[in-house]
Every structure is written in structure tokens, then in C-alpha cells.
Amino acid sequence: MSANFSFHVEPERDLVRITMGGLFGPDDIQGFLAARVLAHAQLVCPRNAHLTLTDLREMKIQPQEMVGAFQGVLGTPEYRSRKLAFVIGRTLARSQLLRALSGRGAYCFDTFAEAEAWLFSESDEAPLRVAS
């Protein structure tokens, strides 16, 4: 399965929704980065004040090279979100995501309702129950 991704921006909520699936290669990462620039241009909040909700339920296990590339994507300061939540199935991709996050204050959830509840809460602290 080839890579696929989409961005949906809700400027009124300072929210960027990302859906990602499949198996990524270097060209897919470059396409993702270009799409991210366009998505963030739709935000009206100050830089780094937005929230991000990413759906990775259809993401396949990635080659180690791509895990490293995603670490770079997540570490780009000018696109860093105030809060970052992932909805991800119970797959090995979850462990790859946790490695790519490398200590960043982001959390994985089983449902969109749980993820959004945390994103729009006043607290930046870890939710009481996080998907494992």
C-alpha cells in the first residue's frame, strides 16, 4: 500500500487534522512537508499556538529510515503544535510512533473523542488514561 495523507484545517478552532496511511518513502515525506506548509498557512492563530490531531490508524510499519525522517518532521520548530494527539490502532506502528516522538509531549488515544477532549482541555498534562 502506497502512502497517503491529507490535511484538514479548522482555523476557528486553531486545529490541524492530519490523516496518514500506508508506507512512506522519501518522496512521500517531501509531499507531506509541502502539504503541511499549505495547511499551516490557513491558520490564523500565532505560530505554535495551534493543536494537531493525527489519525494514524491506516499507517503501516515504516522502514527505519522513514522513522528517522518522521522524527525530523516532528522536530521542526516552526510547525510545532501547542498540543499533539494521535489516534492509532493497536499495531506495531504505535511503537514506531513512540520512538519518533522521543519524549515530546504528545499522546496516543484509541478514539477521536478522547483525543479531542484532551486537546481542548485546559491542561497540558498527560490524560488520566492514554492508549498503550
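Above this text you will find the structure in question.
Keep in mind that what you see is a predicted model, and the values were worked out from it rather than measured.

This part covers the overall build of the protein chain. Across its full length, the protein chain carries 4 helices and 5 strands. The secondary structure elements of the protein chain, listed N-terminal to C-terminal, are β-β-α-β-α-β-α-β-α. Across the 132 residues of the protein chain, 43% fall into the buried class. Look at the contacts in the protein chain between residues 6 or more apart in sequence, and 65% of them connect residues 24 or more apart. Only carbon and sulfur atoms are counted for the fraction: they give 56% of the accessible area of the protein chain, which is about 7000 Å².

Turning our attention to the packing of aromatic side chains. Counted under the stated rule, the structure contains 7 aromatic pairs. A centroid spacing of 5.5 Å and a plane angle of 75° characterise the contact between Phe5 and Phe32, whose relative ring orientation is edge-to-face. Within this pair, whereas Phe5 is found in strand β1 (residues 4–10), its partner Phe32 is found in helix α1 (residues 26–40), the two being separated by 27 residues in sequence. Residue classification places Phe5 among the partly exposed residues on the basis of a relative accessible area of 28%. Overall, the relative accessible area of 3% leaves Phe32 in the buried class. Here a set of aromatic residues connected by ring pairs shows up, and it is made of Phe5, Phe7, Phe24, Phe32 and Phe70.

As for its placement among the helices and strands, Asn4 is situated in strand β1. Under the relative-accessibility criterion, Asn4 is labelled partly exposed at 37%. Taking the C-alpha atoms as reference, Asn4 lies 9.3 Å from Glu58; in sequence the two are 54 residues apart. Among residues more than four places away in sequence, those in contact with Asn4 are Thr19, Met20, Gly21, Gly22 and Phe24.

This part takes up the pattern of salt bridges. Evaluated as defined, the whole model comprises 5 salt bridges. Note that Asp55 is salt-bridged to Arg57, the shortest N-O span being 2.8 Å. Exposure remark for Asp55: the relative accessible area of 9% places this residue in the buried category. Via salt bridges that share partners, Glu10, Arg13, Arg17 and Glu116 belong to a single interconnected network.

Our next topic: the pairing of strand β3 (residues 51–59). Within β3, 7 of the 9 residues are buried, which leaves the element mostly enclosed by the surrounding structure. Pairing geometry for strand β2 (residues 15–22) and β3, over 7 bridges, is parallel. By the bridge assignment, Leu15 is partnered in β3 with Leu51. Each parallel crossover has a hand, and the one from β2 via α1 to β3 is right-handed. Both β3 and strand β4 (residues 83–87) contribute to a ladder of 5 bridges, which runs parallel. When the bridges of β4 are listed, Leu51 appears paired with Lys83.

Reading the values: rules and limits
Residues numbered from 1 in each chain as written. Predicted model: local features only at pLDDT ≥ 70, side-chain atom pairs only at ≥ 80, totals over all residues. Heavy atoms only, no water. Helix = DSSP H or I, 4+ residues; strand = E, 2+ residues; numbered from the N terminus. Buried < 20%, exposed > 50% of the residue type's maximum accessible area, 1.4 Å probe, protein only. Contact = heavy atoms within 4.5 Å. Areas by Shrake-Rupley, 256 points an atom, 1.4 Å probe, with all protein chains shown as cover. Phe/Tyr/Trp six-rings, centres within 6.5 Å; stacked < 30°, edge-to-face > 60°. Salt bridge = Lys/Arg side-chain N within 4 Å of Asp/Glu carboxyl O. Pairing = 2+ DSSP bridges. Right-handed = clockwise from strand over helix to strand, strands pointing away.

All we've got here are geometric facts, nothing functional implied.
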